[in-house]
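Understanding the architecture of this molecule
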Amino acid sequence: MGPEKKQKRNLADLIFKSVLWRSIFRTDIPTDKRGRMVTVLNNFFLHLHPVSIPRHAVKLKYTWLMGILATFLFFVLTITGILLMFYYRPTVQYAYNDVLDMAESTPLGVMREIHRWSAHLMVITVWLHMFRVFMTGSYKPPREFNWGVGVILLTLTMLLSFTGYLLPWDQLAIWAITVGSNMAAATPLVGREGPGSALLSIGDISLIGRTSDAKFMLLGDTRIAEGALLRFYVFHCVFFPFIIVMFMMVHFWRIRKDGGISGPA
Amino acid sequence: METLKHLLNLLSDPRISFPILMILFFFIFPPTAWFEKWNKRLHFDRLWTPVGGLVMHGLMLVALVAATLDPNFRLIVTKPDNVPIVILIFGSVYFLWLSMRQARDNDQRLEAGEKPDEYCDPKRRDILVWPDVLYIELIAMILCMAFIIIWSLYLQAPLEQPANPALAPNPAKAPWYFLALQEMLVYFDPWLAGVVFPTLIIVGLIALPYLDSDRAGSGFYSFSRRKLFISLFCFGWLLLWVYLIIVGTFLRGPNWNFFGPFEVWDAHKVVPMNNVNLSELIWIKLLHRPLPNSILLREAVGILGLLGYLFVLPPLLEKSALKRFAGQMGRMRYGLFMFLSLMGLLLPIKMILRWTLSLKYLVSIPGWFNI
């Protein structure tokens, strides 16, 4: 009996039953229904999902997978973005040449391509995700708040993409941002060229001027220069990712709390 | 061939294509029973059959191929940063078709007294996330990553000449996802096109679930249950967003002038700029009198017209044509709904006034604001 029992301990058992493995994963590889449910419940990442979902929600024609792909693209962008940060210095002197060098002299030089195309794709997937949620009427109670969170996520996605647009510091970048940042100058009340900016003044001293309006706050300067590049870099790499992750957490949590994926009553 | 190209250039001009699309739109997505009658009569609902889908996508494909055959237009379409827009065009039409096809199916089911296709008997409805859902997600992510890697290997990310604040490109374009806003700049001043309207879009979208007072009809594709809101939403999404992005990307050349797909982007194209303000139209052209010195008197028609449009029209409609609708919604909801819809409609209204009357501003108070 003894030797036979030893032979049955194959490689899979050696790994999956090892002390190390079992310390990391809280459940065995599932073999039955109960095991499959427990696996999802006991894993930090998987427990974003419920244990089971309604049959219609598995069909691609219902969800189009746009939500999961948008999330996935966000992680692709985070990872490639971090890699790009190793090679990029946000100063007028270095930025352009760093980007140029990235393609030429770094191993795996397609990271910038992956980052850029994923960013475009993320904007599209987020839009289509919203379109799907709208067309299935899934914004209706009890999900109305989460729809609002989604609208903010969509806005943040576009702001993330917009702030990243400046970083290569080429002609395409600064002139696209010029078009965008000129809008800030036209903000009512707090933009220099916006309506009502003359109202904000104490006596003869105007509070809103070339160096104290919404555009100046955005660019850190009266024109797109060193200050704007650094600001957009911080917005792009730290500020907006931080905010969007906050909203993503709420978004995912509320999906579960509001009853999971929508479906007909 | 030349006549055909000329015709296509003419047709793609927003002055022609936008009114056509706008009128067609409400027959394709009927917001009310009257439009629905015509939708049925004109068989527009056949767009959402497989054949209709094939025809739509076939036409788009032909248009794309035809466009890339033209050397000038190919340069624009194949610009690396414009490739996503091609994906957006095909994506938005495909998913529109996919959702409307299911909506059409479900509407027929509901009419026959059946449950929608998504419905499943509660006793046998659930699918375990491990492994079924996770497999789907994993495969989707792998395919998505493969797609991006292939795209990245074949197409280099654009990098133009180093930034030069002294050398403005013509035209200078915002990133493609903001081009609808930049296109609005043609018709409105920056404080409206760049600040007020984007804010209203965000506020309006967030407000949407609170405005749609009908709680039924959630969780499945349907058109008949939500026709008003789908019609309005798709009008904004397809015509005021995607369409304007397409125009802004492919058909706007130097000096933000319009260029047809088969037209060379000539920086010296002369476009007469003889837009006039509403005040001039009224006082000089209509009343044959000089402009009054008092600004308030001069702009009275524009100011009163706008105030009336935004704040008198809704209560009037509440008492008359929209009585039932307003009653269902309640005062607060109705008020917000009308304000947001009328603000949204300002854009097409201003576009049409620009094209028909060469109208520059409805209200112009230099140094303060122009509308």
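What counts and how
- Residues numbered from 1 in each chain as written.
- Chains lettered and ligands numbered in written order.
- Predicted model: local features only at pLDDT ≥ 70, side-chain atom pairs only at ≥ 80, totals over all residues.
- Helix = DSSP H or I, 4+ residues; strand = E, 2+ residues; numbered from the N terminus.
- Rg over C-alpha atoms; globule rule 2.2 N^0.38 Å.
- Buried ≥ 20, exposed ≤ 12 C-beta atoms within 10 Å, placed from the backbone.
- Contact = placed C-beta atoms within 7 Å.
- Expected span 1.5 Å × (residues − 1).
- Nonpolar A, V, L, I, M, F, W, Y, C, P; charged D, E, K, R; others polar.
- Pairing = 2+ DSSP bridges.
- Axes fitted to C-alpha atoms, helices over the stretch in contact; angles between N-to-C directions.
- Parallel < 35°, antiparallel > 145°, perpendicular 65-115°, else oblique.
- Left-handed = near helix turned anticlockwise from the far one by under 90°.
- Core = buried A, V, L, I, M, F, W, Y, C linked by C-beta atoms within 7 Å.
- Domains from an automatic or database assignment.
- pLDDT = per-residue confidence, 0-100.

Thoughts on the overall build of chain A
- Scanning chain A from terminus to terminus reveals 12 helices and 3 strands.
- The C-alpha radius of gyration computed for chain A amounts to 25 Å, which surpasses the reference 18 Å derived for 265 residues by more than 25%, pointing to a less compact arrangement than a globule.
- The buried share of chain A, taken over its 265 residues, is 43%.
- In chain A, 60% of the contacts between residues at least 6 apart in sequence involve partners at least 24 apart.

Focus: the overall build of chain B
- Helix and strand counts for chain B stand at 15 helices and 3 strands.
- Taking the principal axes of its C-alpha atoms as reference, chain B extends roughly 80 × 60 × 40 Å.
- Residues classed as buried in chain B amount to 28% of the 371 residues present.
- Within chain B, contacts between residues at least 6 apart in sequence are counted, and of these 67% link residues at least 24 apart.

Some thoughts on helix H6 (residues 66-85) of chain A
- Across its 20 residues, H6 of chain A extends 28 Å between first and last C-alpha, which sits within 8% of the 28 Å expected from 1.5 Å per residue.
- Taken as a whole, H6 of chain A has its buried residues at Met66, Gly67, Leu69, Ala70, Thr71, Phe72, Leu73, Phe74, Val76, Leu77, Thr80 and Leu84 of chain A.
- Against helix H5 (60-63) and helix H8 (111-135) of chain A together with helix H7 (129-154) of chain B lie the buried residues of H6 of chain A.

Observations concerning the interface of chain A and chain B
- Listed as interface residues are 79 residues of chain A and, on the opposing side, 74 residues of chain B.
- Only helix H4 (33-41), strand S1 (52-54), H5, H6, helix H7 (95-105), H8, helix H9 (144-165) and helix H10 (171-185) of chain A provide two or more residues apiece to the side of chain A that touches chain B.
- A per-element tally of the side of chain A that touches chain B places H8 of chain A first, with 15 residues.
- Residue composition of the side of chain A that touches chain B, grouped by class: 48 nonpolar, 20 polar and 11 charged.
- Sheet topology places S1 of chain A next to strand S1 (residues 126-128) of chain B; 3 bridges connect them, and they run antiparallel. Across the sheet, residue Pro54 of chain A finds its bridge partner in S1 of chain B, namely Asp126 of chain B.

Here's the deal with the packing of helix H2 (residues 14-28) of chain B against helix H10 (residues 227-250) of chain B
All names here are of chain B.
- At their nearest, the axes of H2 and H10 sit 11 Å apart, and the two run at 160 degrees to each other. Overall, the two elements H2 and H10 adopt an arrangement that is roughly antiparallel. Pair H2 / H10 crosses with right-handed handedness. Across from Pro14, Leu21, Met22, Phe25 and Phe26 in H2, the residues of H10 making contact are Ser231, Phe235, Leu239, Tyr243 and Val247.
- Of the residues contributing to the contact of H2 with H10, the split by class is 9 nonpolar, 1 polar and no charged.

As for the environment of Ser197 of chain A
Residue and element names in this part refer to chain A.
- With respect to the secondary-structure elements, Ser197 resides in the loop between H10 and strand S2 (201-202).
- The exposure class assigned to Ser197 is buried, which follows from the 24 C-beta atoms found within 10 Å.
- C-alpha of Ser197 to C-alpha of Phe162: the two residues are 35 residues apart in sequence and 26 Å apart in space.
- If we ignore the near neighbours within four places in the chain, the residues touching Ser197 are Leu189, Gly191, Arg192 and Ile208.

Some thoughts on the nonpolar core
Residue and element names in this part refer to chain A.
- If you look at the biggest cluster of nonpolar residues, it comprises 118 residues, and the most contacted ones within it are Leu73, Met122, Leu166 and Ala173.
- It is H8 that contributes the most residues to this core, 15 residues altogether.
- Residues contacting Met122, with those up to four places away along its chain left out, are Ala70, Leu73, Phe74, Leu77 and Thr157.

Digging into unusual backbone geometry
- Each neighbour pair has its own omega, and for Pro141 of chain A with Pro142 of chain A the value is 5 degrees, a cis peptide bond.
- With respect to the element layout, Pro142 of chain A can be found in the loop between H8 and H9.
- In this structure, Leu65 of chain A is a non-glycine residue whose phi angle is positive, near 60 degrees.
- Considering the arrangement of structural elements, one finds Leu65 of chain A in the loop between H5 and H6.
- Leu65 of chain A gets classed as buried once you count the C-beta atoms within 10 Å, which come to 21.
- Despite not being glycine, Asn255 of chain B shows a phi value in the positive range, around 60 degrees.
- Note on placement: Asn255 of chain B falls in the loop between H10 and helix H11 (278-286).
- The class for Asn255 of chain B is partly exposed, based on 13 C-beta atoms found within 10 Å.

Considering the environment of Tyr309 of chain B
- Following the sequence through the fold, Tyr309 of chain B ends up in helix H13 (residues 300-319).
- Sequence separation between Tyr309 of chain B and Leu346 of chain B is 37 residues, and the spatial gap between their C-alpha atoms is 9.6 Å.

Some words on the domain arrangement of chain B
- On domain assignment, one finds that chain B holds domain 1 (1-119 + 220-268) and domain 2 (129-158).
- Taking the mean C-alpha position of each, domain 1 of chain B and domain 2 of chain B sit 27 Å from one another.

What to know about the confidence of the model for chain B
- Of the residues in chain B, 100% reach a pLDDT of 70 or more, and the chain-wide mean stands at 91.
- Predicted complex metrics record ipTM = 0.95 and pTM = 0.94.

A short note on the environment of Lys17 of chain A
- Here Lys17 of chain A is to be found in the loop between helix H2 (11-16) and helix H3 (19-24).
- You can call Lys17 of chain A exposed: it has 12 C-beta atoms within 10 Å.

Concerning the packing of helix H9 (residues 190-211) of chain B against helix H15 (residues 331-357) of chain B
Residues and elements named next belong to chain B.
- It is the contact of H9 with H15, at a shortest axis distance of 11 Å, that shows an interaxial angle of 145 degrees. As H9 runs across H15, the sense of the crossing is left-handed. Residues Leu200, Gly204, Ala207 and Leu211 of H9 pack against Arg333, Leu336, Phe337, Leu340 and Met343 of H15.
- Taken together, the residues of the contact of H9 with H15 sort by class into 7 nonpolar, 1 polar and 1 charged.

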